[in-house]
Amino acid sequence: AQSVSQHNHHVILSEAASLELGCNYSYGGTVNLFWYVQYPGQHLQLLLKYFSGDPLVKGIKGFEAEFIKSKFSFNLRKPSVQWSDTAEYFCAAMDTGRRALTFGSGTRLQVQP
Amino acid sequence: GAVVSQHPSWVICKSGTSVKIECRSLDFQATTMFWYRQFPKQSLMLMATSNEGSKATYEQGVEKDKFLINHASLTLSTLTVTSAHPEDSSFYICSAREGGSFTEAFFGQGTRLTVV
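These numbers come from a predicted model, not from an experiment.

Draft legend 1. Structural context of the sheet that holds strand S7 (residues 67-73) of chain B. Residues and elements named next belong to chain B. In space, the four strands of this open sheet follow the order S1-S3-S8-S7, with antiparallel pairing throughout. Pairing within the sheet leaves two strands with one partner each, and these edge strands are strand S1 (4-7) and S7. Across the sheet, the mean angle separating the axes of adjacent strands is 15 degrees when strand polarity is ignored. Here S7 runs beside strand S8 (residues 76-81); their pairing, made up of five bridges, is antiparallel. Among the inter-strand pairings, Ile69 is bridged to a residue of S8, identified as Leu79.

Dropping the structure here:
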């Protein structure tokens, strides 16, 4: 069965610090990968996605993620975080057969001004 | 992006009653809709997948007689929690996809259900 692991449960950073959130997936077949963000009181929004091609994916709001197949990883990065990036971040994987998303446990990011 | 609307945003019901949650795709036709459940400080757990006009596919451990899903049209899916109990209290989120595997799934804002 497919699974997604996010090892950082709660991250606290100061503004302008660099961010890297880990995501590992477990699935042997073709998998599509996503990062979603959930701001307080709001619904999930897509940050970026990887289907194929260039393993370095750029998303909205300055976020990017790198797909490393050999490590089964899809880590999210941002060079300089802002207070407005405070939110919950979810990594998700979709196997192309089921087409449903399997989510990681989420990482709560708190950016201090 | 496309909009998925859930209604109601929150509901409080008495134990033993049934509650219906609606999920609508406002500006696209959703061939597939997904229902998730999110417990506090936890991730989203897929409950079921529904395709328009056919029966929903439930994940292991999800009671299909308790969580009734109807996807009668390309823009509407409903989740009915029957004979609700306090342990059914949770945050329910729907997601809708328009077409094939490469299309993005859009999420509703979620429904907070509290059973008292």
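Draft legend 2. Main features of the side chain of A:Lys78. Residues and elements named next belong to chain A. On the secondary structure map, Lys78 appears in strand S9 (residues 73-78). At 2.9 Å, the side chain of Lys78 forms a polar contact with the side chain of Asp85. If sequence neighbours within four positions are ignored, Lys78 has contacts with Ala17, Ser18, Leu19, Lys61, Gly62, Phe63 and Asp85.

Draft legend 3. Up close: the environment of B:Cys23. Residue and element names in this part refer to chain B. Looking at the secondary structure, you find Cys23 in strand S3 (residues 19-25). By relative accessible area, which is 0% here, Cys23 ends up buried. Sequence separation between Cys23 and Thr111 is 88 residues; the distance between their C-alpha atoms is 9.8 Å. Discounting chain neighbours no more than four positions away, the residues touching Cys23 are Val4, Ser5, Gln6, Met33, Trp35, Thr75, Leu76, Ser77 and Cys94.

Draft legend 4. Examining the interface of chain B and chain A more closely. With 21 residues of chain B at the contact, the number on the chain A side is 18 residues. Counting across the chain B and chain A interface gives zero salt bridges. Applying the counting criterion to the chain B and chain A interface returns two residue pairs in polar contact (both at pLDDT 80 or more). Among the elements of the structure, strand S4 (32-38), strand S5 (44-51), strand S9 (90-97) and strand S10 (105-107) of chain B are those that each provide at least two residues to the side of chain B that touches chain A. Taken together, the residues that form the side of chain B that touches chain A break down as eight nonpolar, 10 polar and three charged.

Draft legend 5. A nonpolar patch on the surface, seen in detail. A cluster of nonpolar residues, B:Trp10, B:Ile12 and B:Val116, forms a patch on the protein surface that exposes about 370 Å² of accessible area. Classification of B:Ile12 as exposed rests on a relative accessible area of 55%.

Draft legend 6. Structural view of unusual backbone geometry. Backbone torsion omega between B:His7 and B:Pro8 reads 0 degrees, so that peptide bond is classified as cis. Positive phi is not limited to glycine here, since A:Lys61 has a value of about 60 degrees. For A:Lys61, the location among the structural elements is in the loop between strand S7 (56-58) and strand S8 (64-68). For A:Lys61, a relative accessible area of 44% translates into the label partly exposed. The backbone phi angle of B:Ser83 is positive, close to 45 degrees, even though this residue is not glycine. Checked against the element boundaries, B:Ser83 lands in the loop between S8 and S9.

Rules used in this analysis
Residues numbered from 1 in each chain as written. Chains lettered and ligands numbered in written order. Predicted model: local features only at pLDDT ≥ 70, side-chain atom pairs only at ≥ 80, totals over all residues. Heavy atoms only, no water. Pairing = 2+ DSSP bridges. Helix = DSSP H or I, 4+ residues; strand = E, 2+ residues; numbered from the N terminus. Axes fitted to C-alpha atoms, helices over the stretch in contact; angles between N-to-C directions. Polar contact = N/O pair within 3.5 Å; in protein donor to acceptor, adjacent residues only side chain to side chain. Contact = heavy atoms within 4.5 Å. Buried < 20%, exposed > 50% of the residue type's maximum accessible area, 1.4 Å probe, protein only. Salt bridge = Lys/Arg side-chain N within 4 Å of Asp/Glu carboxyl O. Nonpolar A, V, L, I, M, F, W, Y, C, P; charged D, E, K, R; others polar. Patch = residues over 30% accessible without salt bridge, like charges linked within 9 Å, V, L, I, M, F, W, Y side chains within 5 Å. Areas by Shrake-Rupley, 256 points an atom, 1.4 Å probe, with all protein chains shown as cover.

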